[in-house]
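Per-entry structural report
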Amino acid sequence: ITFKYKVREALDVLDPASDALIFGHISNAEDLARAKSRPLKRVVVVDENVHRLYGDRIEAYFEHHSAEMRLLVLPTDEEHKDMDMVLEIAAAIHDLGIDRRLDPVIAIGGGVCMDIVGFAASIYRRRTPYVRVPTTLMGYVDASVGAKSGVNFQGKKNKLGAYLPPVLTLLDRSFLATLDSRQLANGAAEIAKMALVKDPELFELLATYGSKLIEHKFQELPDDLGVDVPKRVLDSSIHTMLEELAPNLWEDSLVRLVDFGHVFSMELEMAMLFDEKLYHGEAVAIDMAFSAVLAQVRDQIDRPTLVSIIDMLRGLQLPVWHEKFDAAMCNEALYERVKFSQGQKIPLPVAA
């Protein structure tokens, strides 16, 4: 089975003059002509926070294009990432009666929003097209570019899910300008992951400019700091992620570099979901710091390299330890890893 999907940069995706959200997913002239000859229908799922900021523009966009829209404004966070929300989205798809090939479901929000919408699309009539529009840094560099979707189940992260890539991902960096520092740092953890496992140049950019990237919200930096650094960082992160995911989109191999930072973090993230909540990227950063220490203890990296890794994470305003991450949690994470990953596969940094 071959899937093709597009990841495109878009400037002001909510500009009514652009039809990217309406027809950007269609690749051939015959389908485009058919789509334009019939009434437009779109189920649009928007995170509550995103709707507060962009709700008027979203509604005006689809009104301008004369689309019959079913707008779902939902609390798409980890606490609500469950089958109840998936079924609510599936019900809206069913009630609107969309074309199963031409009318994609549209997710506008962070990584959790895109995960939930992707899963709902994958199970409704077995494959309904969907479009991702990430509005958080985490969604922009991580959740937006792969094929996975899923929800939490029985207190475990993403235990229910599917592999179905979107027909289109639209990347609009201007959304990042509305995020606070903690949300930006949260997403930057996934960029740091790709830097550590794939791209030394990206690592140097983060080590040098990390705090400025957070301060300027990944928009253009002042000329004296390197105006194009944010774009270089985002592009490198996405390209390296796609290079790593594309040959193994269905995870036929469970030896995956992108699992770095995701061995111990899932237990910590779920343990802190309702009490002094940790974001996904924060838990991943703590995992990466611990794994880097483990690599140094195993003589896979030297002390200066370990220090440079920790300093880079701190420069991105990420935590590098947590009091609840103890030996018992570590053992539980290792048990889960062995049980569900065909052995103890733990990516660790090594010296160049």
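Worth saying up front: this structure is predicted, and the values here are computed from it rather than measured.

Thoughts on the overall build of the protein
- Across its full length, the protein holds 13 helices and eight strands.
- Against the compact-globule benchmark of 20 Å for 352 residues, the protein has a radius of gyration of 20 Å, which places it among compact chains.
- Overall, the C-alpha framework of the protein stretches about 65 × 50 × 40 Å when taken along its three principal axes.
- Here the protein holds 352 residues, and the buried ones make up 53% of them.
- At a minimum sequence separation of 6, the contacts of the protein that also span at least 24 residues come to 76%.
- For the protein, the accessible surface area stands at approximately 16,000 Å², while carbon and sulfur atoms represent 51% of it.
- In the protein, 39 positive and 53 negative side-chain charges are present, and the distance between their average locations comes to 6 Å.

Some remarks on unusual backbone geometry
- Even without being a glycine, Lys217 presents a positive backbone phi close to 55°.
- Non-glycine residue Glu251 carries a positive phi angle of around 55°.
- With respect to the helices and strands, Glu251 occurs in the loop between helix H9 (229-245) and helix H10 (265-271).

Description of the sheet that holds strand S5 (residues 130-134)
- Spatial ordering of the open sheet is given by S1-S8-S5-S4-S2-S3, a layout of six strands whose pairing is parallel. Either end of the sheet is taken by a strand with one partner, and the two such strands are strand S1 (6-9) and strand S3 (67-74). When the angles between neighbouring strand axes are averaged without regard to direction, this sheet yields 20°.
- Here S5 runs beside strand S8 (residues 168-171); their pairing, made up of two bridges, is parallel. Its bridge partner being in S8, Arg132 is matched across the sheet by Thr169.

Looking at helix H3 (residues 48-64)
- Between its first and last C-alpha atoms H3 spans 22 Å; for 17 residues at 1.5 Å apiece the expected length is 24 Å, and the two agree.
- Tyr54 marks the point of greatest bend in H3, at about 80°.
- Along H3, the positions that sit buried rather than exposed are Val50, Tyr54, Gly55, Ile58, Tyr61 and Phe62.
- Residues of H3 that are buried sit in contact with helix H1 (20-23), strand S2 (40-47), S3 and strand S4 (105-109).
- One or two positions beyond H3, positive phi appears at Ser66, with a value near 55°.

A short note on the side chain of Glu282
- When you line up the elements, Glu282 lands in helix H11 (residues 280-297).
- Within the local environment of Glu282, its side chain forms a polar contact with the backbone nitrogen of Tyr279, the two atoms lying 2.8 Å apart.
- Ignoring any residue separated from it by four or fewer positions in sequence, one finds Glu282 in contact with Arg182, Asn186, Lys277, Leu318 and Pro319.

A look at the side chain of Arg132
- Within the secondary structure layout, Arg132 lies in strand S5.
- Here Arg132 occupies a buried position and makes no salt bridge, while the nearest side chain of opposite charge, Asp115, is found at 5.3 Å.
- Within the structure, Arg132 has its side chain in polar contact with the side chain of Tyr130 (distance 3.1 Å).
- In contact with Arg132, not counting residues within four places along its chain, are Ala107, Met114, Ala143, Ser144, Val145, Gly146, Ala147, Lys148, Pro166, Leu168, Thr169 and Leu170.

Some thoughts on the pattern of salt bridges
- Overall, the coordinates contain 25 salt bridges when judged by the stated rule.
- Note that Glu9 is salt-bridged to Lys231, the shortest N-O span being 3.5 Å. In this pair, Glu9 is assigned in strand S1 and Lys231 in helix H9, connecting sequence segments 222 residues apart.
- The class of Glu9 is partly exposed, set by a relative accessible area of 47%.

Looking at the environment of Val131
- Checked against the element boundaries, Val131 lands in strand S5.
- When its relative accessible area of 1% is taken as the criterion, Val131 is described as buried.
- Counting along the chain gives 20 residues from Val131 to Val151, while the straight-line C-alpha distance between them is 18 Å.
- Those residues within four positions of Val131 in sequence are excluded, and the remaining contacts are Leu21, His25, Pro104, Val105, Ile106, Ala107, Val167 and Leu168.

A closer look at the confidence of the model for the protein
- Per-residue pLDDT for the protein has a mean of 94; in total, 99% of the residues score no lower than 70.
- When mean pLDDT is taken per element in the protein, S4 scores highest with 98 and helix H13 (residues 327-340) scores lowest with 90.

Rules used throughout
Residues numbered from 1 in each chain as written. Predicted model: local features only at pLDDT ≥ 70, side-chain atom pairs only at ≥ 80, totals over all residues. Heavy atoms only, no water. Helix = DSSP H or I, 4+ residues; strand = E, 2+ residues; numbered from the N terminus. Rg over C-alpha atoms; globule rule 2.2 N^0.38 Å. Buried < 20%, exposed > 50% of the residue type's maximum accessible area, 1.4 Å probe, protein only. Contact = heavy atoms within 4.5 Å. Areas by Shrake-Rupley, 256 points an atom, 1.4 Å probe, with all protein chains shown as cover. Lys, Arg positive; Asp, Glu negative; His and termini not counted. Charge placed at Lys NZ, Arg CZ, Asp CG, Glu CD. Pairing = 2+ DSSP bridges. Axes fitted to C-alpha atoms, helices over the stretch in contact; angles between N-to-C directions. Expected span 1.5 Å × (residues − 1). Bend = angle between axes of the 7 residues up to and from the residue. Polar contact = N/O pair within 3.5 Å; in protein donor to acceptor, adjacent residues only side chain to side chain. Salt bridge = Lys/Arg side-chain N within 4 Å of Asp/Glu carboxyl O. pLDDT = per-residue confidence, 0-100.

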